[in-house]
Protein chains: 2
Amino acid sequence: MAIKILLNEDEIPRQWYNIAADMPNPMQPPLHPGTGQPVGPADLAPVFPMNLIEQEVSQERWIDIPEPVLDVYTIWRPTPLYRAVKLEQYLNCPVKIYYKNEGVSPPGSHKPNTAIAQAYYNKVFGTKRISTETGAGQWGSALSFACNQFGLEAKVYMVRISYEQKPYRRLMMNTWGATCIPSPSTETEAGRKILSQDPNSPGSLGIAISEAVEDAVTSEAAGRPPTKYSLGSVLNHVLLHQTVIGLEAQKQLAKVGDYPDIVVGCAGGGSNFAGCAFPFVRDKIAGKQIQIIAVEPTSCPTMTRGPFAYDFGDTVQMTPLLPMHTLGHDFVPAPIHAGGLRYHGMAPLVSQLIMDKLIEPRAVQQLETFEAGVTWARTEGFISAPETCHALAVVVQEAKKAKEEGKQKTILVNWSGHGIVDLGAYDAFFQGKLSDHEFPQSEIERALKAIESFPKPKL
Amino acid sequence: MAIKILLNEDEIPRQWYNIAADMPNPMQPPLHPGTGQPVGPADLAPVFPMNLIEQEVSQERWIDIPEPVLDVYTIWRPTPLYRAVKLEQYLNCPVKIYYKNEGVSPPGSHKPNTAIAQAYYNKVFGTKRISTETGAGQWGSALSFACNQFGLEAKVYMVRISYEQKPYRRLMMNTWGATCIPSPSTETEAGRKILSQDPNSPGSLGIAISEAVEDAVTSEAAGRPPTKYSLGSVLNHVLLHQTVIGLEAQKQLAKVGDYPDIVVGCAGGGSNFAGCAFPFVRDKIAGKQIQIIAVEPTSCPTMTRGPFAYDFGDTVQMTPLLPMHTLGHDFVPAPIHAGGLRYHGMAPLVSQLIMDKLIEPRAVQQLETFEAGVTWARTEGFISAPETCHALAVVVQEAKKAKEEGKQKTILVNWSGHGIVDLGAYDAFFQGKLSDHEFPQSEIERALKAIESFPKPKL
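Below is a short write-up of the structure. All values derive from a computational prediction rather than experimental measurement. (Residues numbered from 1 in each chain as written. Chains lettered and ligands numbered in written order. Predicted model: local features only at pLDDT ≥ 70, side-chain atom pairs only at ≥ 80, totals over all residues. Heavy atoms only, no water.)

Further remarks concern the overall build of chain A. Check the secondary structure of chain A and you find 19 helices and 15 strands. Taking 2.2 N^0.38 as the reference for a compact globule, 459 residues should give roughly 23 Å; the C-alpha atoms of chain A span a radius of gyration of 21 Å, in line with that estimate. For chain A, the residues scored as buried account for 66% of the 459 residues in total. In chain A, 77% of the contacts between residues at least 6 apart in sequence involve partners at least 24 apart. As displayed, chain A has an accessible area near 15,700 Å², and 52% of this comes from carbon and sulfur atoms. One finds the centroid of the 41 positive side-chain charges in chain A at a distance of 3 Å from the centroid of its 47 negative side-chain charges. (Helix = DSSP H or I, 4+ residues; strand = E, 2+ residues; numbered from the N terminus. Rg over C-alpha atoms; globule rule 2.2 N^0.38 Å. Buried < 20%, exposed > 50% of the residue type's maximum accessible area, 1.4 Å probe, protein only. Contact = heavy atoms within 4.5 Å. Areas by Shrake-Rupley, 256 points an atom, 1.4 Å probe, with all protein chains shown as cover. Lys, Arg positive; Asp, Glu negative; His and termini not counted. Charge placed at Lys NZ, Arg CZ, Asp CG, Glu CD.)

Written as structure tokens, this is what we have:
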């Protein structure tokens, strides 16, 4: 019997949890790349609305979720917490496995938890239009959905190769009324510059970020409606908005009188992982025995191999310098199918908590992730996003380990999204076209070189 | 505020509702096309397992749902009943709109409600392998999911043009371990015959049915594991299994003290419509004032234009003659995007209830359905299957009518599936490539000619 632990709408948490209030070591500030000085709110004001900048630096432990945000959350929240009974039976290990199903949102992932919040704060601030970039399209579709709910225009710069190869995400954006164009485009200086050098450029997330930021900061001069830029991961306020996941899961586990020994999530920029894990990290800081695992691909081993250093958040060096685990802003990950995990850096909050030994990073190979995803589909029924499969692979690892150790364990995993528009990846797996990836030491040397001139964070 | 009315797992109905027990006029039997005599259980035994044949002809009002079926149902059931508050606000009409969200199942539609039951009964009967056909792939993916849950092999013959143009559904089937091949195939006599005449045949549902039935009835002789055939709509037992939808909806509406004035569903073969509507038809037979609307495309107006007559259920004349509304077994519907509604016939149970004036059929134009689907996505958030959009169009019609009449009404609609792998249809709509369809009187004359030699049902 599958077990779904449900909450009613009036049980949605009324506040987000801000882990900055409980960090054992304070966060180190973002730095201006030119001056090396901490970046202040005024520096960010052309890009983000001030109410989100205030959240970015807030030290308040609990931040009220505005009523209009809760109102839209109720379209799909509270999300069900499942007991993965069929997987447990299949694995035959001494574990209870719970998963938080974030795939039930209209765009199919956890991303709208912050997209809705960001659209709301922009609306309140007076923003009429939001620009953003997207790779495979999860974030672009979530932001399109959110802007539609609050009557804002959305402009999405989508990496050209994904735009052409993965039309479904773009079509979702259109259905929610957003404009999505391939990047590099002729609509920005940054795009035109790239196209003049390479008219057939396939684009990259770095280029798309440049275009989206330029769009926002030049809108006033260009006579466009007031525009701000929006980011779907990495930043503190983005992770904050995702904590509704873990707070709900805690309520749901309390209903069945349970508590996890292990919390698992996949981490690209860090937002779905943090959203589920941070409320449990809080308990760990308070003394609870709990293992918290952030999972990444071996092909992009930011947390397990990358140094903790100041680096740019983007390839084209437009952001402030962020204190984080990084493989260098010039790193180009292998074209694995988990597009959302192909990021050179990691959220500063997650990075600091790894340094503080509160979070354990783990890298898994691509084939193992798809094996876990197929096992999941053939037991629990649902088809998982390739990113999510990384977390599932560690669930299987930990279940087997519990059996070896002869210990009874309870595992909570954040099922961050469905894979219904990622089935091409499963097809490639079945056809034997996928491979594992090694990460050569020479890449670490390159990364160290890329950041060697930057200030160093305290270790 | 969105309003979700949830049930716990222990509130899933324990019995299906069999409307045959309450029909004001008894069902007329299927006939053998050769003899014109009623078809008996023995005639169907080579194709279906006897336990399902018994359900097909049962007159029991309530039929217990087996525990193993309930167990798999709990993966996604009970499904949420939503109040469509945002759509209500947008329409600004004096209506309350509730929708039953059947899109939350792993394959994304109502189809597994019967696929799971059929796989279970086959398993109990000793079947090791199930063959079926699929057009766009909703049914094939649901049956693949179901067979996987019960450890049965699944072989799906998928119309070749869909197999090539719509790979996502096929990839879902593979992910759940099923074999899916394009039809016509070289693996059956029927397929080879078609290919010998036209090596580039795009296939059709009729051809795929022939292949799947041939596969089942020849398996023993060919040394394959014991195989039966499975159908995803039209038949009595299929509609029976779907009644869990309407029974749950009744419980959910009772929780908020409400009852619909109007129940709406789209109807291709009739199963999602019947599943939601039949428990309310029961109330209507008992004297309740309620309007029950079955919605079809104007391009395939089986219920609104087709005669009630005996006709083959399939194009290639392999099935018994069924008493139903039909456009003639040789009818080829226009290539509209709602593939699930492109069927020449209608479930005999639904057809009889239309004759009895208990169900009101209505045809809607294609453009109106996509307009309703886009409105839905931009208010309620979720992206609807093109089939489902037909029901949504009638919700909008009825809301406006309530305003004109100055009456307060409550509408229940069955949201039968999501449209995430149908976004190409939305794209065609946005690009202005879709059109409305007229249905010429000459097509009715052709239909009458196709059935003129068959016995006539009582009117």
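Residue and element names in this part refer to chain B. Spatial strand order, β8-β7-β6-β9: four strands in an open sheet with parallel pairing. This sheet does not close on itself; its edge strands, each paired only once, are β8 (179–183) and β9 (227–229). Between one strand axis and the next, the sheet turns through 25° on average, direction left out of account. Bridging between strand β7 (residues 153–159) and β8 involves five bridges; their strand directions are parallel. When the sheet's bridge partners are listed, V159 is paired in β8 with S183. Packing against the sheet, helix α8 (residues 167–175) makes contact with β6 (129–134), β7 and β8, and its axis sits at approximately 170° to β7. (Pairing = 2+ DSSP bridges. Axes fitted to C-alpha atoms, helices over the stretch in contact; angles between N-to-C directions.)

With that out of the way, let us pick up the pattern of salt bridges. This structure, assessed with the given rule, holds 44 salt bridges over all chains. Of the charged contacts, one joins E443(A) and R446(A) as a salt bridge, the two residues approaching to 2.8 Å between their closest N and O atoms. In this pair, E443(A) and R446(A) both sit in helix α19 (residues 441–450), three residues apart, roughly one turn of the helix. Among the ionic pairs, E398(B) bridges to R362(B), the shortest N-O distance being 2.7 Å. With a gap of 36 residues between them, E398(B) in helix α17 (residues 386–405) and R362(B) in strand β14 (residues 360–364) connect regions that are remote in the sequence. (Salt bridge = Lys/Arg side-chain N within 4 Å of Asp/Glu carboxyl O.)

On to the pairing of strand β13 (residues 321–325) of chain A, then. All names here are of chain A. Of all five residues in β13, five are buried, a share of seventy percent or more. Taken together, the five bridges between strand β12 (residues 308–312) and β13 define a ladder with antiparallel strand orientation. Following the sheet pairing, Y310 is matched in β13 by P323.

This brings us to the nonpolar core. Residues W16(A), Y73(A), I116(A), W16(B), Y73(B), I116(B) and V264(B) are the most contacted members of the largest nonpolar core, which totals 166 residues. Setting aside anything within four residues of it in sequence, one finds I116(B) in contact with V69(B), V72(B), Y73(B), W76(B), F145(B), A146(B) and F150(B). Listed in part, the 54 residues of the second largest apolar core include A212(B), C276(B), L353(B) and L412(B). (Core = buried A, V, L, I, M, F, W, Y, C linked by side-chain atoms within 4.5 Å.)

Here we come to the relation of the copies chain B and chain A. Relative to chain A, chain B is turned by 180° and slid 0.0 Å along the rotation axis, the superposed coordinates differing by an RMSD of 0.0 Å. The relationship between the two copies is best expressed as a two-fold rotation axis. A share of 98% of interface residues in chain B that are also interface residues in chain A marks the association as one of identical surfaces. (Least-squares fit on C-alpha atoms with pLDDT ≥ 70 in both.)

Further remarks concern the environment of K458(B). Residues and elements named next belong to chain B. Assignment of secondary structure puts K458 in the segment after α19 (441–451). We classify K458 as exposed; its relative accessible area is 64%. In this structure, the C-alpha to C-alpha distance between K458 and H110, residues 348 residues apart in sequence, is 32 Å.

Quick look at the packing of aromatic side chains now. Within the structure shown, the criterion is met by 39 aromatic pairs over all chains. Considering the side-chain rings of Y17(A) and W62(A), the 5.3 Å spacing of their centres and the 50° angle between planes classify their relative orientation as tilted. One end of the pair, Y17(A), is in strand β2 (residues 15–17); the other, W62(A), is in strand β3 (residues 62–64), with 45 residues separating them in the sequence. According to the relative accessible area criterion, Y17(A) is buried, its value standing at 1%. For W62(A), a relative accessible area of 31% corresponds to the partly exposed category. For the ring pair F429(B) and F430(B), a centre distance of 5.8 Å and an interplane angle of 50° mean the geometry is tilted. One aromatic cluster is present, built from ring pairs that chain together Y82(A), Y99(A), W376(A), F382(A) and W415(A). Positioned above the aromatic ring of Y163(A) is the side chain of R170(A), whose terminal nitrogen or guanidinium carbon lies 4.6 Å from the ring centre. (Phe/Tyr/Trp six-rings, centres within 6.5 Å; stacked < 30°, edge-to-face > 60°. Lys NZ or Arg CZ within 6 Å of the ring centre and 35° of its normal.)

Let us look at the interface of chain B and chain A. When the parts of a complex come together, some accessible area is lost, and that lost area is often used as the size of the interface. With 48 residues of chain B at the interface, the matching set in chain A holds 48 residues. Remark: the boundary between chain B and chain A carries four salt bridges. Here E9(A) makes a salt bridge to K4(B), at a shortest N to O gap of 3.9 Å. At the junction of chain B with chain A, the criterion picks out 22 residue pairs in polar contact (both at pLDDT 80 or more). When contributions to the side of chain B that touches chain A are tallied by element, the ones reaching two or more residues are β1 (3–5), α3 (67–73), α6 (138–149), α8, α16 (366–377) and α18 (423–430) of chain B. It is α8(B) that contributes the most residues to the side of chain B that touches chain A, six residues altogether. The class makeup of the residues in the side of chain B that touches chain A is 26 nonpolar, 12 polar and 10 charged. (Polar contact = N/O pair within 3.5 Å; in protein donor to acceptor, adjacent residues only side chain to side chain. Nonpolar A, V, L, I, M, F, W, Y, C, P; charged D, E, K, R; others polar.)

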